[in-house]
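An overview of the molecular structure
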Amino acid sequence: MIYFSLNNGQQVPSLCFGPGMLTRGFKYQTSLLGKIKNKIKYKKQEFFYYNAICDAIDTGYRFIDYSAAYGREDLIGKAIKESSIERHKFILTTRVTNRTQYDGNIKDAVYRSIERFGTDYIDLLMFHWPVTGKFVETWKQMIELRNEGVCKCLGVSNCHQHHIDLLLFETGETPSINQIEIHPLFNQKTLIEYSRQKGIICEAYTPLARLDERLIRLPLMKKLSLKYGKTISQLILRWHIQNGVIPVFRSLNAMRQKENMNIFDFEILNEDMQRIDSLNINSRLRYDPDNCDFTIL
Ligand SMILES: NC(=O)c1ccc[n+]([C@@H]2O[C@H](COP(=O)([O-])OP(=O)(O)OC[C@H]3O[C@@H](n4cnc5c(N)ncnc54)[C@H](OP(=O)(O)O)[C@@H]3O)[C@@H](O)[C@H]2O)c1
């Protein structure tokens, strides 16, 4: 494992596991039978999801990404506890939801998150989106929480340069991390470089571009995969790390979690890094924080 140093002196692993939302593909049901079927489906998914978190910990992942918006902080906390690995060996992230930002009581929401995790503190506290008219106040309350020792380190998510500039202007407090969408189809070079100059490390969400066909079918990726004897996913994760970025991937599959960990025994040559850089087509898979409806995120 390679470690990165944050601007508060903390060391964090360069690869982060994020299980994301438990539920995917649920349809709202009105009938009693539909509701029962949904309940059974949820229980099965919960079992599968919890085991996947335990698998990730067994594989060696210690940097865990979560958000109160994903709804099951309790399962993360349970998996950490049941692993019998000391709490201080984990870097646990959670994010303040947009709903909480509209409500305004950030502190209570973070205390509730901590209670759900069943822990005493959060390592890395972020807000999920820079909600217009709200995120500066959110940031101020997050600073107070950090000063009270409730969390060790502060980050932001989905921030453009102008959002960070405003936070710096209003509070003088530089985030340690900005978690944004980054992958070879949307490489965000300018924002990464701006962040680097400010001492902020970028985390890449959707780092594998969810294995988008436009990326994985490219002859270049296949060629590099053969050249390095690594899968395309491994190459992409390694590309992020060599760019100074921490990829936050999701996989609920134990084999793929192991595959994604197996990226520290090779190095991509500079000319191949540039070839992957050149695949950028500025194509987001997720929302642009300057053009989205924060109430539905
Ligand atoms: N801050 C934000 O607004 C925000 C937004 C989106 C996501 N995130 C964070 O980023 C995490 C990852 O994002 P994401 O799920 O959008 O994107 P991703 O990690 O690029 O893609 C996840 C998909 O890739 C598959 N996968 C993972 N490793 C693989 C491998 N080695 N080979 C083949 N398939 C592989 C997974 O399938 P299997 O499970 O079947 O392996 C899953 O379907 C989330 O869980 C969350 O923590 C944050």
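Residues numbered from 1 in each chain as written. Predicted model: local features only at pLDDT ≥ 70, side-chain atom pairs only at ≥ 80, totals over all residues. Heavy atoms only, no water.

With respect to the overall build of the chain
In terms of helices and strands, the chain carries 12 helices and 10 strands. Relative to the compact-globule value of 19 Å for 297 residues, the chain shows a C-alpha radius of gyration of 19 Å, a close match. Expressed as a percentage of its 297 residues, the buried residues of the chain come to 54%. In the chain, once contacts between residues fewer than 6 apart in sequence are set aside, the share between residues at least 24 apart is 75%. (Helix = DSSP H or I, 4+ residues; strand = E, 2+ residues; numbered from the N terminus. Rg over C-alpha atoms; globule rule 2.2 N^0.38 Å. Buried < 20%, exposed > 50% of the residue type's maximum accessible area, 1.4 Å probe, protein only. Contact = heavy atoms within 4.5 Å.)

Quick word on unusual backbone geometry
The phi angle at Thr-206 is positive, at roughly 50°, despite the residue not being glycine. Relative to the elements of secondary structure, Thr-206 occurs in the loop between strand S9 (201-205) and helix H8 (213-216). Its identity as a non-glycine residue notwithstanding, Leu-211 has a phi of 55°, on the positive side.

Details of empty space enclosed by the protein
Empty space among the atoms becomes visible once a probe the size of a water molecule is rolled across them. Going through the model one piece at a time under the given rule, you end up with three cavities of 30 Å³ or more. Counted as a void, the largest cavity has a volume near 40 Å³. Along its surface, the largest cavity is lined by Asn-158, Cys-159, His-160, Ile-180, Glu-181, Gln-188, Leu-191, Arg-284 and Pro-289. Here the lining of the largest cavity is built from residues that sort into four nonpolar, three polar and two charged. (1 Å grid on protein atoms, 1.4 Å probe; cavity = no way out; pocket = protein on both sides within 12 Å on 5 of 7 lines; lining within 4 Å. Points joined across faces, edges and corners; volume = space filled by probe spheres on them. Nonpolar A, V, L, I, M, F, W, Y, C, P; charged D, E, K, R; others polar.)

What to know about the pattern of salt bridges
Enumeration according to the criterion identifies 17 salt bridges in this entry. Glu-144 is the partner of Lys-107 in a salt bridge, and the nearest nitrogen-oxygen pair spans 2.8 Å. Taken together, the residues span a long stretch of sequence, with Lys-107 in helix H4 (residues 106-117) and Glu-144 in helix H5 (residues 135-147) at a distance of 37 residues. Looking at Lys-107, the relative accessible area reads 17%, which means it is buried. Residues Asp-272 and Lys-227 are paired through a salt bridge, measuring 2.8 Å at the closest nitrogen-oxygen approach. On the criterion of sequence distance, the pair formed by Asp-272 in helix H12 (residues 270-277) and Lys-227 in helix H9 (residues 219-228) is long-range, its members being 45 residues apart. In this structure, a network of salt bridges that share partners links the residues Lys-43, Glu-46, Arg-72 and Asp-74. (Salt bridge = Lys/Arg side-chain N within 4 Å of Asp/Glu carboxyl O.)

Brief notes about the packing of aromatic side chains
Applying the stated criterion to the full structure yields eight aromatic pairs. Between Phe-17 and Tyr-61 the ring centres are 6.0 Å apart and the planes differ by 35°, which places this aromatic pair in the tilted class. Here Phe-17, found in strand S3 (residues 16-17), pairs with Tyr-61, found in the loop between helix H1 (32-59) and strand S4 (63-64); they are 44 residues apart in sequence, far enough to count as distant. According to the relative accessible area criterion, Tyr-61 is buried, its value standing at 1%. For the pair Tyr-66 and Tyr-70, a centre-to-centre distance of 5.3 Å together with 90° between the ring planes defines the contact as edge-to-face. Through successive ring pairs, a cluster of aromatic residues spans Phe-17, Tyr-61 and Phe-249. Lys-78 extends its terminal NZ or CZ atom over the ring of Tyr-50, reaching a point 4.4 Å from the ring centre. (Phe/Tyr/Trp six-rings, centres within 6.5 Å; stacked < 30°, edge-to-face > 60°. Lys NZ or Arg CZ within 6 Å of the ring centre and 35° of its normal.)

Re the nonpolar core
Within the largest apolar cluster, 48 residues are counted, with the highest numbers of intra-cluster contacts made by Ile-76, Val-110, Leu-125, Phe-127 and Trp-139. With sequence-adjacent residues up to four places away left out, Ile-76 is seen in contact with Pro-19, Ile-53, Ile-64, Tyr-66, Leu-92 and Phe-117. One finds Phe-4, Leu-185, Ile-201 and Trp-239 within the second-largest nonpolar core, a separate group that totals 39 residues. (Core = buried A, V, L, I, M, F, W, Y, C linked by side-chain atoms within 4.5 Å.)

Some details on the layout of surface pockets
The volume enclosed by the largest pocket comes to roughly 890 Å³. In terms of lining residues, the largest pocket is bounded by 34 residues, among which Gly-20, Arg-24, Thr-206, Arg-210 and Arg-250 are the most central. Mapped by element, the contributors of at least two residues to the lining of the largest pocket are strand S10 (246-249) and helix H11 (254-261). A total of three residues in the lining of the largest pocket trace back to one element, the largest contributor, which is H11. Of the residues assigned to the lining of the largest pocket, the class counts are 15 nonpolar, 11 polar and eight charged. What the second largest pocket holds in volume is close to 230 Å³. As for the second largest pocket, its lining consists of Ala-68, Ala-69, Thr-97, Asn-98, Arg-99, Thr-100, Tyr-102, Phe-294, Thr-295 and Leu-297.

A look at the site of the ligand
Not every one of the 29 residues close to the ligand is listed here, only the nearest: Gly-18, Asp-65, Arg-210, Ser-251 and Arg-256. Taking Ser-157, its side chain carries an N or O atom lying 2.9 Å from a nitrogen atom of the ligand. A distance of 2.5 Å separates an oxygen atom of the ligand from a polar side-chain atom of Arg-256. When the free accessible area of the ligand is taken as 910 Å², the share hidden by the protein chains comes to 86%. Here the ligand occupies the largest pocket. Of all the secondary-structure elements, those providing two or more residues to the shell around the ligand are S10 and H11. Ranked by residues supplied to the shell around the ligand, first place goes to H11 with three residues. Among the residues forming the shell around the ligand, the class breakdown is 11 nonpolar, 11 polar and seven charged. (Near = heavy atom within 4 Å. Polar contact = N/O pair within 3.5 Å; in protein donor to acceptor, adjacent residues only side chain to side chain. Areas by Shrake-Rupley, 256 points an atom, 1.4 Å probe, with all protein chains shown as cover. Sits in = over half its atoms within 2 Å of the grid points.)

Function cannot be inferred from these measures alone, as they are strictly geometric.
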